[in-house]
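Understanding the architecture of this molecule
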Amino acid sequence: MSSRPELQAPPEIFYDDVEAHKYTSSSRIIEIQAKISERALELLNLPNDGVPRLLLDIGCGSGLSGETLSENGHQWIGLDISQSMLNVALEREVEGDLLLGDMGQGLGLRPGVIDGAISISAVQWLCNADKSSHEPRLRLKAFFGSLYKCLSRGARAVLQVYPENLAQRELILGTAMRAGFAGGVVVDYPHSTKNRKEYLVLTCGPSSLSTSVPIGKGEDGESYSDDDSSGDDEEDQTVSISDRHRPRKKQKTKKGKGRAWLLKKKEQMRRKGNVVPPDTKYTGRKRKARF
Amino acid sequence: MRLLTHNMQACNIKGVTNGFPFRVEAEEVMEKQVDFNADFLRNLFPKIEWKALVEASRAMGYHELPDEADSSLLDSDDFLQKFHRALPQLHLEEGAFVCPETGRKFPTALIKCI
Ligand SMILES: C[S@@+](CC[C@H](N)C(=O)[O-])C[C@H]1O[C@@H](n2cnc3c(N)ncnc32)[C@H](O)[C@@H]1O
């Protein structure tokens, strides 16, 4: 594994024809996508009445995740930014309707019409500024705001994400909460580097019993624990994962508002009573698109 | 692209305030078999903008839907069958959605919304 795809190129460039075809020709990828999608659907906690629902698959790509939704009898609409990935989905004649679009610009759906949303390994892409006009914070806000609006009250969104670090996780979760969602993160197999998966389980509307966050699988660390990690606590685990994959490259500071400005702004927001991620060494850091 | 999706979509371009519903320009329409499920249709009905559905279905050459509909019709099997054909079964294979405000065209089968 070289580095995070998110650091290599913007998604519509990274997921080109070659990468898109990898998706449906690798049995390993197919299996992983199917497994995560099954789990996401389970966490959606739809009423167990056999009635098909209208679901959304955000970053639907080649439609592997959507297929899981179809197999479970649901109707779905998929959104993706990569034409190549969607072409594969079209070739495979998936049952959902496909929309070519950027979730960072909002979802373009009418209010309250969607019964549930899943997203597999896509939302962390919003944390990168791939163009000079991109402001991750604003793009996440546009995304979660529009997601909240299009879901019916009480509906859930389950987003499986690969945040690069603690700051990204908090940025994503914090933005979701400010959009009005209740919920939190479910971590499956937290003690396994290979199988660890995290899901944002978000409920639309005021919090109630149904918004309490379910427990992750293998949290006791028994079933899937990797040999070398038993002594680590969860935080160490996270750090070591991102360290392993993050290329050590120099950070170019971009002109702009800068860290000091950001820290001040965050302090102001905190005083207003907003939920603001803690300041870390990553605060105000800019990454550049590498191409 | 199904009318199901058409009915949920509003034009998302910056500055557009009234992007619903897309006008449908149909070139090729197909009907695909989908399992009939009355409960699915009953759940969906309150979320549907009926007028938009009727207009879009007529633009696609399907004239079976009544001008107006309320939930009392959901007990009628005849109505549910027609609703079913229009919603998940009717597909716009070739054609375009047109933004009602800007006139911008979005070609199907992939609806581009950026
Ligand atoms: C790991 S893949 C998921 C593939 C998909 N679940 C499947 O079954 O093929 C992540 C997907 O997220 C999409 N993506 C990334 N950023 C996006 C954005 N801003 N808007 C929409 N889709 C995006 C990518 O194009 C890619 O297809």
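Quick caveat, the model's predicted, so the values are computed rather than measured.

Our next topic: the overall build of chain B. Helices and strands together make up the secondary structure of chain B, namely four helices and four strands. Listing each helix as α and each strand as β along chain B from the N terminus yields α-β-α-α-α-β-β-β. Radius of gyration (C-alpha) of chain B: 14 Å, near the 13 Å computed for a compact globule of 114 residues. For chain B, the spread of C-alpha atoms along the three principal axes comes to 40 × 25 × 20 Å. Within the span of chain B, comprising 114 residues, buried residues form 48% of the whole.

Residues and elements named next belong to chain B. Here chain B averages 90 in pLDDT, while 94% of its residues score no lower than 70. Ranking the elements of chain B by mean pLDDT puts strand β4 (residues 111–112) last, at 54, and helix α3 (residues 50–59) first, at 97. Predicted complex metrics record ipTM = 0.92 and pTM = 0.81.

A few words now on the interface of chain A and chain B. With 29 residues of chain A in contact, the opposing surface of chain B contributes 27 residues. Summed over both partners, the interface of chain A with chain B comes to about 2,300 Å²; 59% of that surface belongs to carbon and sulfur atoms. Ranking the residues of chain A by area buried against chain B places A:D97, A:L100 and A:R110 at the top, with a combined share of 29%. The tally of links between chain A and chain B comes to three salt bridges. Among the salt bridges present, the one from B:K47 reaches A:D115, with a minimum N-O distance of 2.3 Å. Our enumeration of links across chain A and chain B arrives at ten residue pairs in polar contact (both at pLDDT 80 or more). Class assignment of the residues belonging to the side of chain A that touches chain B gives a composition of 14 nonpolar, nine polar and six charged.

This part takes up the environment of A:M103. All names here are of chain A. Among the secondary structure elements, M103 is positioned in the loop between β3 (97–100) and β4 (114–120). Under the relative-accessibility criterion, M103 is labelled buried at 10%. On a C-alpha basis, the gap between M103 and I81 in space is 7.7 Å, while along the polypeptide they are 22 residues apart. The contacts of M103, once residues within four sequence positions are left out, are I58, L79, A122, V123, L126 and F143.

Let us now look at the site of the ligand. Residues and elements named next belong to chain A. The local shell around the ligand holds 24 residues, among which Y23, Q33, S62, D80 and D102 are the closest. A distance of 2.8 Å separates a nitrogen atom of the ligand from a polar side-chain atom of D102. In this structure, a nitrogen atom belonging to the ligand sits 3.0 Å away from a main-chain N or O atom of M103. For the ligand, whose unbound accessible area comes to 600 Å², protein coverage reaches 99%. The residue makeup of the shell around the ligand, split by class, is twelve nonpolar, nine polar and three charged.

Once that is clear, we can look at the domain arrangement of chain A. When the parts of a complex come together, some accessible area is lost, and that lost area is often used as the size of the interface. Residue and element names in this part refer to chain A. Parsing chain A into structural domains produces domain 1 (5–236) and domain 2 (257–291). Taken together, the 15 residues of domain 1 in the interface contact eleven residues of domain 2. When domain 1 packs against domain 2, close to 1,200 Å² is buried across both sides, 53% of that on carbon and sulfur atoms. On the domain 1 side of the interface with domain 2, the three residues burying the most area are L7, E170 and R178, jointly 31% of the side's total.

In this section: the packing of helix α2 (residues 17–25) of chain A against helix α5 (residues 83–91) of chain A. Residues and elements named next belong to chain A. Axis separation between α2 and α5 bottoms out at 8 Å; the angle between their running directions is 40 degrees. The angle between α2 and α5 places the two elements in the oblique class. For the pair α2 and α5, the sense of crossing is right-handed. Contacts between α2 and α5 involve D17, A20, H21, Y23 and T24 on the former and, on the latter, S84, M85, V88 and E91.

Once that is clear, we can look at the side chain of B:H84. Residue and element names in this part refer to chain B. Structurally, the position occupied by H84 is in helix α4 (residues 77–89). A polar atom in the side chain of H84 sits 3.0 Å from the backbone oxygen of V34. Polar contacts involving the side chain of H84 include one to the side chain of Q89, which spans 3.3 Å. Residues contacting H84, with those up to four places away along its chain left out, are V34, D35, F36, L41 and Q89.

This part covers the sheet that holds strand β2 (residues 90–98) of chain B. Residues and elements named next belong to chain B. Spatial ordering of the open sheet is given by β1-β2-β3, a layout of three strands whose pairing is antiparallel. Two strands bound the open sheet, and with one partner strand each, they are β1 (23–31) and β3 (105–107). Adjacent strand axes in the sheet meet at a mean angle of 25 degrees when their direction is disregarded.

Residue and element names in this part refer to chain B. Counted under the stated rule, the structure contains 15 aromatic pairs over all chains. Their ring planes at 80 degrees and their centres at 6.2 Å tell us that F45 and F79 sit as a pair that is edge-to-face. Highlighted residues: F45 in the loop between α2 (38–44) and α3 and F79 in helix α4, separated in sequence by 34 residues. A single burial state applies to F45 and to F79, both of which are buried.

What counts, and at which threshold
Residues numbered from 1 in each chain as written. Chains lettered and ligands numbered in written order. Predicted model: local features only at pLDDT ≥ 70, side-chain atom pairs only at ≥ 80, totals over all residues. Heavy atoms only, no water. Helix = DSSP H or I, 4+ residues; strand = E, 2+ residues; numbered from the N terminus. Rg over C-alpha atoms; globule rule 2.2 N^0.38 Å. Buried < 20%, exposed > 50% of the residue type's maximum accessible area, 1.4 Å probe, protein only. pLDDT = per-residue confidence, 0-100. Contact = heavy atoms within 4.5 Å. Buried area = accessible area lost by both parts, 1.4 Å probe. Salt bridge = Lys/Arg side-chain N within 4 Å of Asp/Glu carboxyl O. Polar contact = N/O pair within 3.5 Å; in protein donor to acceptor, adjacent residues only side chain to side chain. Nonpolar A, V, L, I, M, F, W, Y, C, P; charged D, E, K, R; others polar. Near = heavy atom within 4 Å. Areas by Shrake-Rupley, 256 points an atom, 1.4 Å probe, with all protein chains shown as cover. Domains from an automatic or database assignment. Axes fitted to C-alpha atoms, helices over the stretch in contact; angles between N-to-C directions. Parallel < 35°, antiparallel > 145°, perpendicular 65-115°, else oblique. Left-handed = near helix turned anticlockwise from the far one by under 90°. Pairing = 2+ DSSP bridges. Phe/Tyr/Trp six-rings, centres within 6.5 Å; stacked < 30°, edge-to-face > 60°.

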